Amino acid sequence: MTEKIILQAQKHLPNIDLKLISQGAEALVFQTKTHPYSHHPNLKNHQNFIIKFRPSKPYRHPKIDLQINKSRTIGEAKFIYKLNKLGIESPSLISCDFNNGIIWMENLGSYLPNGNISSFKNWLWYLEKNNLDCTSDEVKDVCFKVGELIGRLHLNEMIHGDLTTSNVILTDNDGNWKPALIDFGLSTFSGLAEDKAVDLYVLERAITSTHSVFADKYNQWLLDGYESVHSSKEFKKIGKKKYDETIRRLEDVRLRGRKRSMLG
Ligand code: AMP
């Protein structure tokens, strides 16, 4: 099945080297050494790029399938484009082929010493498994920066929609980790405190379920970062108001989550 989908991708990307790095329900992600049209001056990693491909689903009517794939690809590309314009850390958009469900973007990942891609999740796991100091200033700083990043996203009324620790990539910035967001397949534009609270809750749950020992600390540092951008001068009183509304909602969302897990 996967081979068939890879062939489908290759058909739309003739003579392009494709190395499959991830396969989800919605899309395949490839790494490629080929740039679609030229050398891009803003790209930091000139070695390789990411191609996200949404394959057609044989069980859908071909016309509807094309529409769905096209609108999801356009939606994701628009979101990335807006993030790029706002300077919110995310892959630079390089090229799109909406009709064939293809987005070509910057590859933000680097590798951890164990060979895994430097997602926030893999990095925390790496520290925990190797008994490294999980409460160091470095960990605190990375968590705080992730919180700041989400704060900036939300202050621009943008919702990630699938904020797990795998969807935060740590980019290597001269030896310092700098978080960036990826995977905007479920992203939306919304100013609602409820939507922002759900984003925060999803991340909080992801951290609690996969990094239970230090989860409280990580979550607190994240929220500290989230609060700090809301109280910065740039956003004046409105930032504080938005922060209070979102955190109040977060309490409600947590309560709903607890009730649901008690009911099974
Ligand atoms: P996605 O389907 O967008 O969640 O991507 C699946 C996986 O591919 C992610 O968990 C990352 O490991 C990798 N990936 C996707 N986009 C990028 C990117 N721009 N830079 C680095 N890795 C990426």
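Some points on the nonpolar core
Consideration 1: Among the nonpolar cores identified, the biggest contains 45 residues, and Phe120, Trp123, Val139, Val146 and Tyr218 are the most heavily contacted of them.
Consideration 2: The dominant element in this core, judged by the number of residues it contributes, is helix 4 (residues 137-155), at seven residues.
Consideration 3: Of the domains in this structure, domain 1 (2-106) and domain 2 (120-263) are the two that each give at least three residues to this core.
Consideration 4: Apart from the residues lying within four places of it in its own chain, the contact partners of Trp123 are Leu112, Glu138, Val139, Val142, Leu170 and Trp177.
Consideration 5: Counting 13 residues, the second-largest nonpolar core is a separate cluster that includes Ile5, Ile51, Ile94 and Trp104.

Some remarks on the state of the cysteines
Such a bond, covalent and formed between the sulfur atoms of two cysteines, is termed a disulfide.
Consideration 1: The tally for this structure, following the rule as stated, stands at zero disulfides.
Consideration 2: Here Cys143 stays unpaired: no disulfide links it, and the sulfur of Cys134, its closest cysteine neighbor, is 9.7 Å away.

Here's the deal with the domain arrangement of the chain
Consideration 1: Domains assigned within the chain are domain 1 (2-106) and domain 2 (120-263).
Consideration 2: For domain 1 versus domain 2, the separation of C-alpha centres amounts to 26 Å.
Consideration 3: Residue-level contacts link 13 residues of domain 1 with 17 residues of domain 2.
Consideration 4: Both faces considered, domain 1 and domain 2 share a buried interface measuring about 1200 Å² in area, 70% of it formed by carbon and sulfur atoms.
Consideration 5: At the boundary of domain 1 with domain 2, the tally comes to three salt bridges.
Consideration 6: Here Glu89 makes a salt bridge to Arg152, at a shortest N to O gap of 3.1 Å.
Consideration 7: In this assembly, domain 1 and domain 2 are joined by five residue pairs in polar contact (both at pLDDT 80 or more).
Consideration 8: At six residues, helix 2 (residues 62-86) tops the list of elements feeding residues into the side of domain 1 that touches domain 2.
Consideration 9: Its residues assigned to classes, the side of domain 1 that touches domain 2 comprises six nonpolar, two polar and five charged.

Describing the pattern of salt bridges
Consideration 1: Per the stated rule, a full pass over the model turns up 17 salt bridges.
Consideration 2: Between Arg254 and Glu251 there is a salt bridge; the shortest N-O distance is 3.5 Å. Of this pair, Arg254 and Glu251 both sit in helix 7 (residues 236-263), three residues apart, which is roughly one turn of the helix.
Consideration 3: What you see here is one network of salt bridges that share partners, running through Glu26, Lys52, Arg54, Arg72, Glu76 and Asp183.

What about the packing of aromatic side chains?
Consideration 1: All told, the structure shown has five aromatic pairs when counted by the stated rule.
Consideration 2: Relative to Phe189, the ring of Phe79 has its centre 5.1 Å away and its plane inclined at 50 degrees; by these criteria the two rings are tilted. Note that Phe79 is positioned in helix 2 and Phe189 in strand 9 (residues 188-189), a separation of 110 residues in sequence.
Consideration 3: Residue classification places Phe79 among the buried residues on the basis of a relative accessible area of 1%.
Consideration 4: Since its relative accessible area comes to 46%, Phe189 is described here as partly exposed.
Consideration 5: For the ring pair Phe214 and Tyr218, a centre distance of 6.1 Å and an interplane angle of 40 degrees mean the geometry is tilted.
Consideration 6: Note on Phe214: relative accessible area 26%, which makes it partly exposed.
Consideration 7: Classification of Tyr218 as buried rests on a relative accessible area of 0%.
Consideration 8: One aromatic cluster in this structure is built from Phe79, Phe184 and Phe189.
Consideration 9: Taking the ring centre of Trp125 as reference, the NZ or CZ of Lys129 above it sits at 5.0 Å.

Notes on helix 4
Consideration 1: For helix 4, built from 19 residues, the straight-helix expectation of 27 Å at 1.5 Å per residue is met to within 8% by its first-to-last C-alpha distance of 26 Å.
Consideration 2: One or two residues past the end of helix 4 sits Glu157, with phi positive at roughly 55 degrees.

Conventions we followed
For every chain, the first residue of the written sequence is number 1, and numbering continues from 1 onward in sequence order. At least 70 in pLDDT is required for a residue's local features to be given in this predicted model, at least 80 for side-chain atom pairs to be given and counted, and no such filter applies to totals for whole chains, interfaces and linings, which use all residues. Just so you know, side-chain values use all the structure's heavy atoms and leave hydrogens and water out. Only buried residues count toward a nonpolar core, which is a set of Ala, Val, Leu, Ile, Met, Phe, Trp, Tyr and Cys residues joined through side-chain atoms within 4.5 Å. Throughout, exposure labels follow a simple rule: accessible area from a 1.4 Å probe, protein chains only, divided by the maximum for the residue type, with under 20% read as buried, over 50% as exposed, and the rest as partly exposed. Helix numbering and strand numbering both begin at the N terminus, where a helix is a DSSP run of H or I of at least 4 residues and a strand a DSSP run of E of at least 2. Reported domain spans reflect what an automatic or database domain assignment gives. Note on contacts: a residue pair qualifies if any of its non-hydrogen atoms lie within 4.5 Å across the two residues. Two cysteine sulfur atoms form a disulfide, by the criterion used here, when they sit within 2.5 Å. Buried area: the accessible area, evaluated with a 1.4 Å probe, that two parts lose upon being put together, summed over both parts. Salt bridge, as applied in this entry: a Lys or Arg side-chain nitrogen positioned within 4 Å of an Asp or Glu carboxyl oxygen. Polar contacts, as used here, are pairs of N or O atoms within 3.5 Å; protein pairs need one atom able to donate a hydrogen and one able to accept it. Residues neighboring in sequence count only if both atoms are side-chain atoms. We call Asp, Glu, Lys and Arg charged. Ala, Val, Leu, Ile, Met, Phe, Trp, Tyr, Cys and Pro are nonpolar, and the rest, Gly among them, are polar. Paired rings are identified among Phe, Tyr and Trp, the last through its six-membered ring, by centres lying within 6.5 Å, and are further divided according to the angle between planes into stacked (under 30 degrees), edge-to-face (over 60) and tilted (the rest). Cation placement over rings: the criterion is NZ of Lys or CZ of Arg within 6 Å of the ring centroid and within 35° of the ring normal. Multiplying 1.5 Å by the residue count of a helix minus one yields the expected span of that helix.

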